[in-house]
Amino acid sequence: MTVRKATRPPGLSKSRVLAARQCPRRPWLQTHRPELADGSDAQRMRIEGGTQFGELARDLLGDGTLIEHVDDLETALAATRSLVDGAKTGTRLFEAAFSHDGVLVRVDALERVRRGWALTEIKSSTEVKDHHAEDVAVQAWVLGEAGIDIRESRVGVVDKRFVYRKPGRYDGLLRTEPVDDLIEPLLPEVGAWVARARDTLAGEMPTVATGPHCSTPFDCPFQSYCRSLEPPGPTYPVSSLYRGGKLAAELIAEGITDLRKVPIDRVRNEIQRRMVESIKKRRAIIEPALPGLLAGLRYPRYYLDFETILFVVPRWLGTRPYQQIPFQFSCHIERRTGRVDHREFLDISGNSPIDGFARALLAACGNSGPIVVYNKAFETGVIKTVAEQVPELMPALLALIDRFVDLLPLVRNHYYHPDLGGSFSIKAVLPTVVPELRYDLLDGVQHGGDAQMAYLEAIDPATTPARRAEIERQLQRYCQLDTEAMLRLVQALSAGPASAHA
Ligand code: SF4
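Model, not experiment: these values are computed from the prediction.

K.L.:
Requested: an account of helix α16 (residues 426-433), with residues and values cited.
P.N.:
Residues spaced three or four apart along an α-helix face the same direction, because each turn holds 3.6 residues. Of all the 8 residues making up α16, 6 are buried; the element is thus mostly covered by neighbouring parts of the structure. Summarising the contacts, the buried residues of α16 are in contact with α15 (407-412), β14 (415-416) and α18 (465-494).

K.L.:
How would you summarise the site of the ligand if you had to cite specific residues and measurements?
P.N.:
All residues in the neighbourhood of the ligand are listed as Cys23, Arg25, Arg26, Leu29, His213, Cys214, Cys220, Phe222, Gln223 and Cys226. Looking at the shell around the ligand, the elements with two or more residues in it are α2 (25-32) and α8 (223-229). Ranked by residue count, the leading element in the shell around the ligand is α2, at 3 residues. For the shell around the ligand, the per-class residue count stands at 6 nonpolar, 2 polar and 2 charged.

K.L.:
A description of the pattern of salt bridges should follow, citing residues and the corresponding values.
P.N.:
Under the definition given, this model contains 35 salt bridges. The closest approach of N and O atoms between Arg198 and Asp101, which form a salt bridge, is 3.6 Å. Residue Arg198 is found in helix α7 (residues 187-202), and its partner Asp101 is found in the loop between β3 (92-100) and β4 (103-113); the two are separated by 97 residues along the sequence. On the basis of relative accessibility, which here comes to 30%, the residue Arg198 falls in the partly exposed class. Linked through salt bridges whose partners overlap, the residues forming this network are Glu270, Arg273, Arg274, Glu277, Lys281 and Glu287.

K.L.:
Which residues make up the environment of Arg58, and what values do they have?
P.N.:
Note that Arg58 resides in helix α3 (residues 41-61). Taking C-alpha positions, Arg58 is 8.1 Å from Asp108, a pair spaced 50 residues apart along the chain.

K.L.:
Which residues make up the environment of Arg112, and what are the values?
P.N.:
Note that Arg112 resides in strand β4. Assessed through its relative accessible area of 23%, Arg112 is described here as partly exposed. Apart from residues no more than four positions distant in its own chain, Arg112 is found in contact with Ala87, Lys88, Thr89, Gly90, Thr91 and Trp117. Among the polar contacts listed, one links the side chain of Arg112 to the backbone oxygen of Ala87, at a separation of 3.3 Å. A polar contact of 3.1 Å, which involves the side chain of Arg112, links it to the backbone oxygen of Gly116.

What counts, and where the lines are drawn
Residues numbered from 1 in each chain as written. Predicted model: local features only at pLDDT ≥ 70, side-chain atom pairs only at ≥ 80, totals over all residues. Heavy atoms only, no water. Buried < 20%, exposed > 50% of the residue type's maximum accessible area, 1.4 Å probe, protein only. Helix = DSSP H or I, 4+ residues; strand = E, 2+ residues; numbered from the N terminus. Contact = heavy atoms within 4.5 Å. Near = heavy atom within 4 Å. Nonpolar A, V, L, I, M, F, W, Y, C, P; charged D, E, K, R; others polar. Salt bridge = Lys/Arg side-chain N within 4 Å of Asp/Glu carboxyl O. Polar contact = N/O pair within 3.5 Å; in protein donor to acceptor, adjacent residues only side chain to side chain.

The structure is reproduced here in structure tokens:
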């Protein structure tokens, strides 16, 4: 059954109390200036996946009564109270509503056990985390104060070992863990959390500088807004130093915030040295070894990139939760003569793309020649899981991995340009080497998150054929640009120092 989001009740919701644990400004903005929030594709996908898992988890936990009234909290509270009073052992309630001291909670699952109640919070992650315990502690505090004797507290998470074997059968996807020991020390603190959150919401917007707390434990949706309030930092902040967290903290403590001011003897590795030198000299640095390494790649050269989708609740038989499932690849093939061919695969039928992907990939990649990828850990992991599911093709698929040439470490260990900002992603590197190839000119799909959202829209039966055709074209162009980018990077960097645009 579909459950809509509850409207915010007067007073405090559990989520506001928990948001204040991350940063006092966050619940203030959520309450008073919600229009300033950014919503990323990744966040939207996480929410959708979490909702689907939450609904399925109710079936997996067993029979129970769903308390709806999502827009009428008074009725939900009254309905909960009438079901709780006189409940027999084994009674299970979903979305039971309770409030205390103006804090409202909806409990994912509440089950009558001997001498009390067991509370279960459902999370779509694969392990119990510290902030889950805080979430449960707020609920247990409200329920305890409302006269509900909580004897057991659990968190239900996704069991990543689960494999979807029979249509409609998800037994084993949900794994519950007791968290009583984790919440016990937190319970005495909850009253103070609530008081602080309430004071915060009643006052002016709190003054808080951005920092690591903006992405831990959650990506805060107000980061653009909060950064816009802060004075602009240096163009080359020491915080962008590659793997330089500890060194950057030391430098900032010494008052050095700009990479141009960092003494070269302070850097701790070659990548940092190249980065600081490049920024100080205001030009790209290409180490002399790189052109030779790239020019030495044999022909034919294959440039390969995948697009993948993952589901919390597996959609196709044989797949696991959170498995990266490839639905598309692009492959440029460069011959010694200079001729370049292009092969591609894209399945937006809504059926499992795995088998078709595997066969098309083998046909595209031939039997020999380097396969250039950017960050081979990703492509390697995808091929291994595909090989498990198409066992008759496993040897041929695994043989592709042996041919991989990873362009990412080659670039990272031999190249820097002042515009990289500490990133070696292909989207950062490409404009510094081949500025005429641009992702921002693509129509619709411009990054991996867009590609995943576009794929989900394309396989939705409600999508019109015309829109599906438009998405297909956008996905093809996007993935094709990824492999064209690698081809052009290799060609340009093989030519040496003159190739980078400083
Ligand atoms: S972006 Fe950072 S400082 Fe701003 S509200 Fe979010 S967590 Fe707080």
